[in-house]
Every structure is written in C-alpha cells, then in structure tokens.
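So the chains spell out like this:
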Amino acid sequence: MIRPTIGGMLSKSVLVLGGTGFVGRHVCEQLVRAGHRVTVPTRRRDRAAAVQTLPGLTVLQADVHDEAALRHLLTGHDAVVNLVAVLHGSAARFEHVHVQLPQRLAAAMQASGVRRLVQVSALGADAQGPSLYQRSKARGEAVLQAAGLELTLLRPSVIFGAEDRFLNLFADLQQLAPLMPLAGSGTRFAPVWVVDVAAAVVRSIEQRATIGQTYEAFGPETYTLAELVQRAGQWAGVRGGRGRPVLPLPRWVGWLQALAMELLPGEPLMSRDNLASMKVDNLPSGQLPGLQALGISPAAPSGVAPGYLGHRGPRSRLNGWRARSQA
C-alpha cells in the first residue's frame, strides 16, 4: 500500500499503547498533527474521550496485556509506541506492567513482523536502583533490547504539564494545608514538559537514526523536591504568591506517612516505593544524548507552569479532584 507523504516524509500507521493517559494524549495529538495515522487500544472506551475525535485516529477496545490481542492490533501498523506504566503498586504489579507487557509486546511484534518500537521508560531506570519501579523499568528495557527490534528508548525525568498529577497536586494541597510536610525533600529533579516528551516520541518515529539509541529527556532547570513544591504554590498564587512553608520529614517519618497513604482508598499520593526512588537524584547521567540531539530545546517549568497553575480557583480545583477520582 502506498501512503501519502508529508513534507517528503512517508506517513506511518502507529499503534500507541497507553494513548489515553496524560502523556499519551499529547503523543497522539502530535502524531496526528504530523500526518500519521494512529490507533489507540483501551479496555474502556470512555477513557479515550480526549483523543477519539482527533482526525486519523482510531480507538479500539482491547486488552494490551493479552498477546493474541496484541498480534491482532499490530496488523497493518508500521510502528508501536509503548507508554504503559504504573507509579504505585506491588512487586507483582510492576512486573506485570513494566516487564511482562514488554515481553508480550516483543513476542507479538516478532510474530507479526512489525519491528519499529519507541519505548518510553524512565530516567531512573536502573537494574540496581533502590525502588521496584526503577528496577522493573530497567528489566523491561533489557527485554526489548534483547528482542532484536528496531528500538528507541526515551527516559524522561518527572513530567509536568497542564493536566499533570505532579505540580497540580502540590498546588492543590497548598490551597488546603497551612504547612507542607514533605519526605524526600532534598531529592533533585530536572522536570521535562509533556509537550517536549511527545515531540521526542514523534521525532523518534520519523527518524531512523534514532534506532538503537537511548535518549534522556529532561528540562533545563534543576530543583529539589522542596523547591518544586514551594514553586508550585507560588505559581498557583497561594498566599499571595509566596506558597506554603515546607517541613522536611526524616526518612522514617516519611516512610510511615507513605504507608498510611497506601492504606487509603484510591491511588496513593505517595508510596513507600516512591520514597525509595527518591534515595537517588532523578537527574541525567551526562553519558547519553538529551532532547537537543532530537532538535528539541526543552522548556523549563518556570516558563510553562505559571500559565496553567495561575488560573486556578475553587471550581477548577473541584473539577480536577473529580476527574482524578474517576480516572
């Protein structure tokens, strides 16, 4: 089948796993904008409301953890983007999502003849890392690297953007609490804008020179967690733009706090595994190419976040909490 070209580039049919999530919605939008045809599988079609109206995008109801379903989904596609990930859970859950899904995906791609894959991993992925999250991410990378696919790995730092559960959460909490008790307050991060991560995915799909490469996606500004929390309050206009004071917690108190949060219903704000991840800074290694190697000049939180955190009020906070409770 001959496909149309966009600016001299052959358009692709791309299967996006995790396309209904925060990052996935931006990836889908940018792929469509670049002229590619996109398929997004989901177990619940109602979760695809944000992407299903994009031109050239098809939503299919399917379980991506089923290898037979994956083989069926791959038919007619040129490339795959895997964004599926979890931040909290048991060792079995991390293994299921970060290791077993890549294993099933690799097997399905080998069986179907689809070879091109962009895997979105994490900046802290490390087989010897202190957390289940970091170790399982590294094992998932290793599975795909051993599969003989045309693989590009992206390792983003913590991702921020208008619908994030990161800076928005810190801003929301400061609307309610007079003080911000915080575990892991000294851990350093280089937050990356979701739009830049999505652009990196699209450029990886389009540029064959990225095959076999691993890119670290991070922003130009480095903050401790305490600084990010306080900046979120300032950018949201809490206390007239001063934000709430941060109270650093000893690690053992933070561990008890995280345990208590895990016992509450719903997705925890902080887990013991998150706290374990923060034993090490979430910063680039300096040994791998960054976004600049893809022609992207990453935006800083200070230039983006005030624009979406600064337009908050009781109604917007209520809508945000409602949306998160239904996710």
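About the criteria used
- Residues numbered from 1 in each chain as written.
- Predicted model: local features only at pLDDT ≥ 70, side-chain atom pairs only at ≥ 80, totals over all residues.
- Heavy atoms only, no water.
- Buried < 20%, exposed > 50% of the residue type's maximum accessible area, 1.4 Å probe, protein only.
- Helix = DSSP H or I, 4+ residues; strand = E, 2+ residues; numbered from the N terminus.
- Contact = heavy atoms within 4.5 Å.
- Pairing = 2+ DSSP bridges.
- Axes fitted to C-alpha atoms, helices over the stretch in contact; angles between N-to-C directions.
- Lys, Arg positive; Asp, Glu negative; His and termini not counted.
- Salt bridge = Lys/Arg side-chain N within 4 Å of Asp/Glu carboxyl O.
- Parallel < 35°, antiparallel > 145°, perpendicular 65-115°, else oblique.
- Nonpolar A, V, L, I, M, F, W, Y, C, P; charged D, E, K, R; others polar.
- pLDDT = per-residue confidence, 0-100.
- Phe/Tyr/Trp six-rings, centres within 6.5 Å; stacked < 30°, edge-to-face > 60°.
- Right-handed = clockwise from strand over helix to strand, strands pointing away.

## What to know about helix α7 (residues 225-235)
Link 1 in the chain: Buried within α7 are the following residues: L225, A226, L228, V229, A232, G233 and W235.
Link 2 in the chain: Turning to α7, the residues buried within the fold contact α5 (167-176), β10 (180-182), β11 (188-189), β14 (223-224), β15 (246-248) and α10 (301-309).

## So, the sheet that holds strand β4 (residues 37-42)
Link 1 in the chain: Strand order in the open sheet formed by seven strands is β5-β4-β3-β6-β7-β8-β13, and the pairing between neighbours is parallel. Each end of this open sheet is capped by a strand with a single partner; those strands are β5 (57-61) and β13 (214-217). Going from strand to strand, the sheet's axes swing by 20 degrees on average, the running direction of each strand aside.
Link 2 in the chain: Sheet topology note: the strand β6 (residues 79-82)/strand β7 (residues 116-120) ladder contains four bridges and is parallel. When the bridges of β7 are listed, V80 appears paired with L117.
Link 3 in the chain: Running over the sheet, helix α3 (residues 91-112) touches β3 (13-17), β6 and β7 and is turned about 180 degrees from β6.

## A short note on the side chain of D196
Link 1 in the chain: With respect to the helices and strands, D196 occurs in helix α6 (residues 194-206).
Link 2 in the chain: Buried and unpaired, D196 has no salt bridge, with R203 as the nearest side chain of opposite charge at 8.1 Å.
Link 3 in the chain: Discounting chain neighbours no more than four positions away, the residues touching D196 are L291, I296, S297, P298 and A299.

## Brief notes about the packing of α3 against helix α4 (residues 132-145)
Think of two packed helices as two axes; the pair is described by the angle between the axes and how far apart they sit.
Link 1 in the chain: Orientation of α3 relative to α4, taken along the N-to-C sense of each, is 10 degrees, at an axis distance of 9 Å. Overall, the two elements α3 and α4 adopt an arrangement that is roughly parallel. Contact residues: A91, F94, E95, H98, V99, P102, Q103 and A106 in α3; L132, Y133, S136, K137, R139, G140, V143 and L144 in α4.
Link 2 in the chain: A class-by-class count of the residues in the contact of α3 with α4 yields nine nonpolar, four polar and three charged.

## A short note on the confidence of the model for the chain
As a general rule, the predicted coordinates of low-pLDDT regions are not to be interpreted in detail.
Link 1 in the chain: With 92% of its residues at a pLDDT of at least 70, the chain reaches an overall mean of 90.
Link 2 in the chain: Overall, residues 313-327 carries pLDDT values under 50, and its contacts beyond four positions in sequence, including any with other chains, amount to nine contacts.

## Some remarks on the packing of aromatic side chains
Centre-to-centre distance and the angle between the planes together describe a pair of aromatic rings.
Link 1 in the chain: One pass over the full model with this rule turns up three aromatic pairs.
Link 2 in the chain: Look at F94 and Y133: their rings are 6.3 Å apart centre to centre, the planes differ by 75 degrees, and that puts the pair in the edge-to-face class. On the criterion of sequence distance, the pair formed by F94 in helix α3 and Y133 in helix α4 is long-range, its members being 39 residues apart.
Link 3 in the chain: A relative accessible area of 1% places F94 in the buried class.
Link 4 in the chain: A relative accessible area of 16% means that Y133 is categorised as buried.

## Examining the pairing of strand β8 (residues 150-156)
Looking along a regular strand, one sees side chains alternate from face to face of the sheet.
Link 1 in the chain: Of all seven residues in β8, seven are buried; the element is thus mostly enclosed.
Link 2 in the chain: Neither face of β8 is open: one carries E150, T152, L154 and P156, the other L151, L153 and R155, and all of them are buried.
Link 3 in the chain: As paired elements, β7 and β8 share five bridges and run parallel to each other. For L117, the partnering residue across the bridge sits in β8 and is L151.
Link 4 in the chain: With α4 bridging β7 and its parallel neighbour β8, the resulting β-α-β unit is right-handed.
Link 5 in the chain: Two elements, β8 and β13, share four bridges in a ladder whose sense is parallel. Bridging across to β13, P156 finds its partner in A217.

## Some thoughts on the side chain of S185
Link 1 in the chain: By the element assignment, S185 lies in the loop between β10 and β11.
Link 2 in the chain: For S185, a relative accessible area of 13% corresponds to the buried category.
Link 3 in the chain: With residues near it in sequence (within four places) discarded, S185 still touches T224, L225, A226 and P248.

## A closer look at the pattern of salt bridges
Link 1 in the chain: Taken as a whole and assessed by the stated rule, the structure comprises 10 salt bridges.
Link 2 in the chain: Notably, a salt bridge pairs R71 with E67, separated by 3.3 Å at the nearest N-O pair. Taken together, the residues span about one helical turn, with R71 and E67 both in helix α2 (residues 67-74) at a distance of four residues.
Link 3 in the chain: Its relative accessible area of 35% is what places R71 among the partly exposed residues.
Link 4 in the chain: We note a salt bridge from R208 to E150, for which the minimum N-O separation is 3.3 Å. Separated by 58 residues along the polypeptide, R208 in the loop between α6 and β13 and E150 in strand β8 bring together distant segments of the chain.
Link 5 in the chain: Look at R208 and you get exposed, because its relative accessible area is 59%.

## Digging into the environment of V64
Link 1 in the chain: Note that V64 resides in the loop between β5 and α2.
Link 2 in the chain: According to the relative accessible area criterion, V64 is buried, its value standing at 10%.
Link 3 in the chain: Along the backbone, V64 and T214 are 150 residues apart, and their C-alpha atoms lie at a distance of 24 Å.
Link 4 in the chain: Not counting residues up to four positions away in its chain, the partners in contact with V64 are L17, P41, L70, L73 and L101.

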